Amino acid sequence: MRNIVCLLGSPRPKGNSAVMAQALCGAAEAAGAAVRTFALNGLTYRGCQGCLRCKKEAEACVLKDDLTPVLEAVRACDVLVLATPVYFGEVTAQLKGFIDRTFGYLQAGYAHLPRGERSRLSPGKTLVFVIAQGHPKEELFTDIFPRYAYLLNWQGFTESRLLRACAVYHLGDAEARPEVLEEARLLGRELAAAPGDGAA
Ligand SMILES: Cc1cc2nc3c(=O)[nH]c(=O)nc-3n(C[C@H](O)[C@H](O)[C@H](O)COP(=O)(O)O)c2cc1C
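First things first, this report covers the structure right here in the doc. (Residues numbered from 1 in each chain as written. Predicted model: local features only at pLDDT ≥ 70, side-chain atom pairs only at ≥ 80, totals over all residues.)

### Considering the pairing of strand β4 (residues 125-132)
Turning to step 1, where the next piece is worked out: With respect to burial, β4 is a largely interior element, seven of its eight residues being buried.
Turning to step 2, where the next piece is worked out: Two strands pair when backbone bridges link them, and strand β3 (residues 79-85) and β4 are joined in this way by seven bridges, in the parallel orientation. Within the sheet, the bridge partner assigned to V79 lies in β4 and is T126.
Turning to step 3, where the next piece is worked out: The β-α-β motif built from β3, the intervening helix α4 (residues 93-101) and the parallel element β4 has right-handed crossover chirality.
Turning to step 4, where the next piece is worked out: One ladder, built from eight bridges, connects β4 with strand β5 (residues 157-165); its direction is parallel. In the strand pairing of β5, V128 is matched with R161. (Buried ≥ 20, exposed ≤ 12 C-beta atoms within 10 Å, placed from the backbone. Helix = DSSP H or I, 4+ residues; strand = E, 2+ residues; numbered from the N terminus. Pairing = 2+ DSSP bridges. Right-handed = clockwise from strand over helix to strand, strands pointing away.)

Next comes the structure, spelled out in C-alpha cells:
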C-alpha cells in the first residue's frame, strides 16, 4: 500500500489548494493508498535555526515542536503532496517553514556526496506540488515548481509532479473547475499505484 503524506500550506482550510489536494488524496485513498494530511497553519513550529546540529551530532532536526511528527511521517512516506497558494510569487510561509526544516534529511557533508547518497531518506519518493494561483497569466510564477523539485530531489524525491490551477482566487474557485478536479483525481489514482503496477 502506498503511503501518502499531504501537507496543506494555506491558512484557508477550505481554500483552493486544499480542495485540489483533497480531490487528489481522496481519489488516491479510494484507489487503496493510505493518506495522512497535516494542516500546517494549525501547528506551532519554528523555521530552521541553522544550528547544524543535524550535521554534527544528530541524524535529524533537533528542534522538538509540532513539526517533529510531520517530519517523521514524511520520512516514511512514498509520496509527499505539498499544497500551497502562490503568496507574493512564492509558497506560503507555513510551507517554507516546513521545507527549511527538511534540512535535517540531508546527510552530513551532503554537498560533496554523489547524487543518491545525499539524503537520509530512502530513495525513490515522489513529490507532488499542488499550486493555487490567483493570477490568470499562466506564464507567471512558473519558477516555483522546478525550483523546489530540484531542491527536494537532493532529499530523495527523485520524481516530481505538478497540479496547478491559475485564475483561482476566491474560496470556491477551484471547486468550480471540473477539469482541475478531474486532473487531481487522475493523478491521485496514478499515485496510489505502486511503480510498475499495471505495466505488464
Ligand atoms: C498574502 C497573499 C499574497 C498573494 N500573492 C499572490 C501572488 O503573488 N500571485 C498570485 O497569482 N496570487 C496571489 N495571491 C492569491 C492567491 O494565490 C489565491 O487567492 C489562491 O487561490 C489562494 O489559495 P488558497 O485558497 O488555497 O488559500 C495572494 C493572496 C494572498 C492572501
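### Thoughts on the site of the ligand
Turning to step 1, where the next piece is worked out: As a structural note, the neighbourhood of the ligand is formed by 17 residues, with G15, S17, P85, G134 and H135 the closest of them.
Turning to step 2, where the next piece is worked out: Among the elements that line the shell around the ligand, the one with the most residues is helix α1 (residues 16-30), at three residues.
Turning to step 3, where the next piece is worked out: Its residues assigned to classes, the shell around the ligand shows eight nonpolar, eight polar and one charged. (Near = placed C-beta within 6 Å. Nonpolar A, V, L, I, M, F, W, Y, C, P; charged D, E, K, R; others polar.)

### Overview of unusual backbone geometry
Turning to step 1, where the next piece is worked out: Despite not being glycine, F88 has its phi angle at roughly 50°, a positive value.
Turning to step 2, where the next piece is worked out: Its location among the elements puts F88 in the loop between β3 and α4.
Turning to step 3, where the next piece is worked out: A count of 8 C-beta atoms within 10 Å places F88 in the exposed class.
Turning to step 4, where the next piece is worked out: Not every positive phi belongs to a glycine, and A167 is a case in point at roughly 60°.
Turning to step 5, where the next piece is worked out: With respect to the helices and strands, the residue A167 is situated in the loop between β5 and α6 (178-192).

### As for the nonpolar core
Turning to step 1, where the next piece is worked out: Ranked by internal contacts, the top residues of the largest apolar core, which has 48 residues, are I4, M20, L24, V81 and V130.
Turning to step 2, where the next piece is worked out: By residue number, the principal contributor to this core is α1, which donates nine residues.
Turning to step 3, where the next piece is worked out: Contacts of L24, omitting those with residues within four sequence positions, involve V81, V130, L163, A184, R185, L187 and G188. (Core = buried A, V, L, I, M, F, W, Y, C linked by C-beta atoms within 7 Å. Contact = placed C-beta atoms within 7 Å.)

### A word on α6
Turning to step 1, where the next piece is worked out: With 15 residues, α6 should cover 21 Å at 1.5 Å per step; its first-to-last C-alpha distance of 21 Å lies within 8% of that length.
Turning to step 2, where the next piece is worked out: Among all positions in α6, only V180, L181, A184, L187, G188, L191 and A192 are buried. Each buried residue of α6 sits inside an arc of 135° when the element is viewed along its axis, so together they form one side. Among the exposed residues of α6, those oriented more than 90 degrees off its buried face are P178, E179 and E182.
Turning to step 3, where the next piece is worked out: The inward-facing, buried residues of α6 contact β1 (3-8), α1, β3, β4 and β5. (Expected span 1.5 Å × (residues − 1). Arc of directions from axis to C-beta.)

### What about the sheet that holds β4?
Turning to step 1, where the next piece is worked out: Read from one edge of the open sheet, five strands run β2-β1-β3-β4-β5, paired in parallel fashion. Strands with a single pairing partner mark the edges of an open sheet, and in this sheet they are β2 (34-39) and β5. The sheet shows a mean angle of 15° between the axes of neighbouring strands, direction not considered.
Turning to step 2, where the next piece is worked out: This element, helix α3 (residues 67-75), spans β1, β2 and β3 of the sheet and lies at about 145° to β1. (Axes fitted to C-alpha atoms, helices over the stretch in contact; angles between N-to-C directions.)

### A closer look at the packing of α1 against α6
Turning to step 1, where the next piece is worked out: Interhelical geometry of α1 versus α6 gives an angle of 40° and a closest axis separation of 7 Å. Taken together, α1 and α6 sit at an angle that is classed as oblique. In terms of crossing hand, the pair formed by α1 and α6 is right-handed. Residues M20, A23, L24, C25, G26, A27 and A28 of α1 lie in contact with α6, whose contacting residues are V180, L181, A184, R185, L187, G188, R189, L191 and A192.
Turning to step 2, where the next piece is worked out: A per-class count over the contact of α1 with α6 returns 12 nonpolar, two polar and two charged. (Parallel < 35°, antiparallel > 145°, perpendicular 65-115°, else oblique. Left-handed = near helix turned anticlockwise from the far one by under 90°.)

### A look at the pairing of β2
Turning to step 1, where the next piece is worked out: Examined bridge by bridge, β1 and β2 share six bridges and lie parallel to one another. Among the inter-strand pairings, L8 is bridged to a residue of β2, identified as A39.
Turning to step 2, where the next piece is worked out: For the crossover from β1 across α1 to β2, the handedness is right-handed.

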